[in-house]
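If you want the building blocks of each chain, they are given just below.
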Amino acid sequence: MTPITIKEFLLRQPTFPETTETDSFYLELANRLLRDMSSHSFATEMPEGLLKRVALTLTDYMQDIVSDAGLWRSFVDANRELYGWSVPFHEVPENYIDYELNREDVRFLVWYTVAMLWEEQRFIFPHDAGLLDFADGCFAILEEVYDDAPVPEEFNISRGLEFNDPDDHKAIYRLGNWLFLHSYLLTPAYSMSMREMMEGVDMNDPDAPAKMNERLDQAMMEDTTGPLALFTPEWVYLMVEGKLPSEKAPAGEPAVHPYYDKFTRFTGGEEIRFFDSYEAMNRFFIEALGWEQGEEHLAQAKGAHDYILFVTRNKGMLMARDIARCVKAPGNPLYDAGYAADHAFELLSERGCCPGDLLRYIFAHDWLPDAVFPGTTDRLLVHMNRDFIARCYLQIYYRGD
């Protein structure tokens, strides 16, 4: 196992490329985690690069809490605002101390880094025994040095900033840039989005680097990232102001989409319909929406096992394919508990499987009771954390309009 180099360490520091007095301590800590935990049974199959990433993630977490830089604090505070808990998947004990070193934090961070960055373990159970034992070994190392760890003052680059102060504009941008591109907490969740972005770039194009930089600048403002799928300005606001920004109410009353009236008039007020064939759905298009008779509408959707149509007041109608068997809704004759036990989790974790508006509607009505992490039976864990899981895995596919 090759050690983590100073360059690898500095690349994820907010002060890059500058060095600081505490770098040697935290680089050594990262390498101790790498060295001591590489022989653990959970780590033996882990790619070397990923094991280094886990070590750096936990080291950066330590720097964050020791310096009170605010990123972990912001994550915990946002969890409480959104869900009423401190850390996803874990009940915190009485000795849990806010914004300090905690076993549950380390357990979550190991799961998060592994699930987001190790393709073969993307859907690993957060309570996997091997993962927890590995995380507890990492925690023991961090706990041993925690009280004597030097304060990395330079890690705290948000201190004293005001979100709307023009004088802080450059520092705010620098904070957002580090959060989006390099920070330990946000970047793992953006890895799949980054791969999707790279698929559309011709690396033989001499202008490819410039195009990627332009796309990244755009993504920093328009894409979600991090375990909560917040937009970068939301993360910055959360760190600087200590709370999530308030959602702005739309100006005026949004117009009701014409499909909504036609759809709900035909269904007696229902906003969702399930179909066992393309032909049945096509008849609905003609009879309910008044589309032209004798035509095969949306013929490109042919060939699926089943279909869902869902309509919203302001956005109109959307379609989903091959997921109706997972949805335990009244009036859905296609629901199949056995199939759902094996496939319902895909709605929360596979991008493009279920549109975000529909998934939120399903959550609101408790129509996905069978979702579990693959190979497990713990429905309650997924039920309690379903919005978080969808945010973490699906990102903009869940939070986007």
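Residues numbered from 1 in each chain as written. Predicted model: local features only at pLDDT ≥ 70, side-chain atom pairs only at ≥ 80, totals over all residues. Heavy atoms only, no water.

A.B. asks: Can you walk me through the environment of Cys138 in this structure?
C.D. replies: Residue placement: Cys138 occurs in helix 6 (residues 129-146). For the pair Cys138 and Leu29, spaced 109 residues apart in the sequence, the C-alpha separation amounts to 11 Å. Setting aside residues no more than four positions away along its own chain, Cys138 makes contact with Leu33, Met37, Leu58 and Val106. (Helix = DSSP H or I, 4+ residues; strand = E, 2+ residues; numbered from the N terminus. Contact = heavy atoms within 4.5 Å.)

A.B. asks: Got a minute to help me understand the packing of aromatic side chains in this structure?
C.D. replies: For any pair of aromatic rings, geometry is given as the distance between the ring centres together with the angle between the planes. All chains considered together, the criterion is met by 31 aromatic pairs. Look at Phe155 and Trp178: their rings are 5.6 Å apart centre to centre, the planes differ by 85 degrees, and that puts the pair in the edge-to-face class. Remark: Trp178 occurs in helix 7 (residues 169-181) and Phe155 occurs in the loop between helix 6 and helix 7; sequence separation between them is 23 residues. Given the relative accessible area of 6%, Trp178 is considered buried. Just above the ring of Tyr398 sits the side chain of Arg360; from NZ or CZ to the centre is 5.4 Å. (Phe/Tyr/Trp six-rings, centres within 6.5 Å; stacked < 30°, edge-to-face > 60°. Buried < 20%, exposed > 50% of the residue type's maximum accessible area, 1.4 Å probe, protein only. Lys NZ or Arg CZ within 6 Å of the ring centre and 35° of its normal.)

A.B. asks: What is the right way to look at the packing of helix 5 (residues 103-117) against helix 6 in this model?
C.D. replies: Each packed pair of helices is defined by two parameters, the angle between the axes and the distance between the axes. At their nearest, the axes of helix 5 and helix 6 sit 9 Å apart, and the two run at 125 degrees to each other. Classified by the angle their axes make, helix 5 and helix 6 are oblique. Between helix 5 and helix 6 lies a crossing whose hand is right-handed. Note on element contacts: helix 6 touches helix 5 through Leu131, Leu132, Phe134, Ala135, Asp136, Cys138, Phe139 and Leu142, opposite Arg103, Val106, Arg107, Val110 and Trp111. Here the contact of helix 5 with helix 6 is composed, by residue class, of 10 nonpolar, no polar and 3 charged. (Axes fitted to C-alpha atoms, helices over the stretch in contact; angles between N-to-C directions. Parallel < 35°, antiparallel > 145°, perpendicular 65-115°, else oblique. Left-handed = near helix turned anticlockwise from the far one by under 90°. Nonpolar A, V, L, I, M, F, W, Y, C, P; charged D, E, K, R; others polar.)

A.B. asks: Can you help me understand empty space enclosed by the protein in this one?
C.D. replies: Over the atoms, a rolling probe the size of a water molecule traces out where space has been left empty. On inspection of all chains with the given rule, the structure shows 1 cavity of 30 Å³ or more. There is about 40 Å³ of room inside the largest cavity. Looking at the largest cavity, the residues that line it are Gln13, Pro14, Thr15, Thr20, Thr22, Asp23, Gln63, Pro152, Glu154 and Phe155. (1 Å grid on protein atoms, 1.4 Å probe; cavity = no way out; pocket = protein on both sides within 12 Å on 5 of 7 lines; lining within 4 Å. Points joined across faces, edges and corners; volume = space filled by probe spheres on them.)

A.B. asks: Looking at this model, I keep getting lost on the sheet that holds strand 5 (residues 316-321). Mind explaining?
C.D. replies: Strands belonging to one sheet form pairs held by backbone hydrogen bonds; the direction of such a pair is parallel or antiparallel. Reading across the sheet, the 3 strands line up as 3-4-5 and stay open at both edges, with antiparallel pairing between neighbours. With partners counted over all chains shown, the strands left at the sheet margins are strand 3 (272-275) and strand 5, one partner each. Between one strand axis and the next, the sheet turns by 15 degrees as a mean value, whatever way the strands run. Two strands pair when backbone bridges link them, and strand 3 and strand 4 (residues 307-312) are joined in this way by 4 bridges, in the antiparallel orientation. Each residue of the ladder has a partner; that of Arg273, found in strand 4, is Leu309. Contacting strand 3, strand 4 and strand 5, helix 12 (residues 278-289) crosses the sheet at an angle of about 30 degrees to strand 4. Across the sheet, helix 15 (residues 356-364) lies against strand 3, strand 4 and strand 5, angled at about 90 degrees from strand 4, the strand it touches most. (Pairing = 2+ DSSP bridges.)

A.B. asks: Is there a simple way to explain the pairing of strand 4 in this structure?
C.D. replies: Here is the key point about a regular strand: its side chains alternate between the two faces of the sheet. Burial analysis of strand 4 places 6 of its 6 residues in the buried class, the great majority of the element. With burial as the criterion, each face of strand 4 is covered, one bearing Tyr307, Leu309 and Val311 and the other bearing Ile308, Phe310 and Thr312. Looking at chain direction, strand 4 and strand 5 are connected through 6 bridges and run antiparallel. Paired with Thr312 across the bridge in strand 5 is Gly316. The loop that links strand 4 with its antiparallel partner strand 5 comprises 3 residues.

A.B. asks: Looking at this structure, I do not really get the layout of surface pockets. What am I missing?
C.D. replies: Counted as a void, the second largest pocket has a volume near 280 Å³. Taken together, 14 residues make up the lining of the second largest pocket; nearest its centre are Phe163, His169, Ile172, Tyr173 and Met221. Sorting elements by how many residues they give to the lining of the second largest pocket places helix 7 first, with 4 residues. Its residues placed into classes, the lining of the second largest pocket shows 8 nonpolar, 4 polar and 2 charged.

A.B. asks: What should I look at first to understand the nonpolar core in this one?
C.D. replies: Proteins that are soluble and globular tend to have nonpolar side chains buried together. Formed by 113 residues in total, the largest nonpolar core has its most connected members in Trp72 and Trp111. Beyond its immediate chain neighbours, meaning those up to four positions away, Trp111 contacts Phe89, Ile124, Phe125, Pro126, Leu131, Phe373, Phe388, Cys392 and Tyr393. Counting residues in each nonpolar core, the second largest holds 16 residues, with Tyr260, Phe263, Leu289 and Leu309 among its members. (Core = buried A, V, L, I, M, F, W, Y, C linked by side-chain atoms within 4.5 Å.)

A.B. asks: Looking at this structure, how should I read the environment of Ala344?
C.D. replies: Inspection of the secondary structure assignment puts Ala344 in the loop between helix 13 (337-343) and helix 14 (346-349). Through-space distance from the C-alpha of Ala344 to that of Ala324 is 9.7 Å; in sequence the pair is 20 residues apart. Discounting residues that sit within four places of it in the chain, Ala344 has contacts with Cys326, Leu368, Asp370 and Ala371.

A.B. asks: What's the story with the environment of Ala329 in this structure? I'm lost.
C.D. replies: Relative to the helices and strands, Ala329 is located in the loop between strand 5 and helix 13. On the basis of relative accessible area, Ala329 is assigned to the buried category, the value being 9%. Through-space distance from the C-alpha of Ala329 to that of Phe125 is 27 Å; in sequence the pair is 204 residues apart. Once you skip the residues sitting within four places of it in the chain, Ala329 turns out to touch Phe274 and Trp367.

A.B. asks: Would you take a moment to explain the pattern of salt bridges for this structure?
C.D. replies: When the charged atoms of two side chains with opposite charge come close together, those side chains can pair. This model, assessed by the stated rule, comprises 23 salt bridges. Among the ionic pairs, Arg159 bridges to Glu153, the shortest N-O distance being 3.1 Å. Shared partners join several salt bridges into a network, and the residues in it are Glu28, Arg32, Arg35, Asp36 and Glu144. (Salt bridge = Lys/Arg side-chain N within 4 Å of Asp/Glu carboxyl O.)

A.B. asks: What exactly am I supposed to notice about helix 8 (residues 191-199) here?
C.D. replies: In an α-helix, one turn spans 3.6 residues, which is why side chains three or four residues apart end up on the same side. Restricting attention to buried positions, one finds in helix 8 the residues Ser191, Met192, Ser193 and Met197. Where helix 8 is buried, its residues contact helix 5 and helix 9 (208-222).

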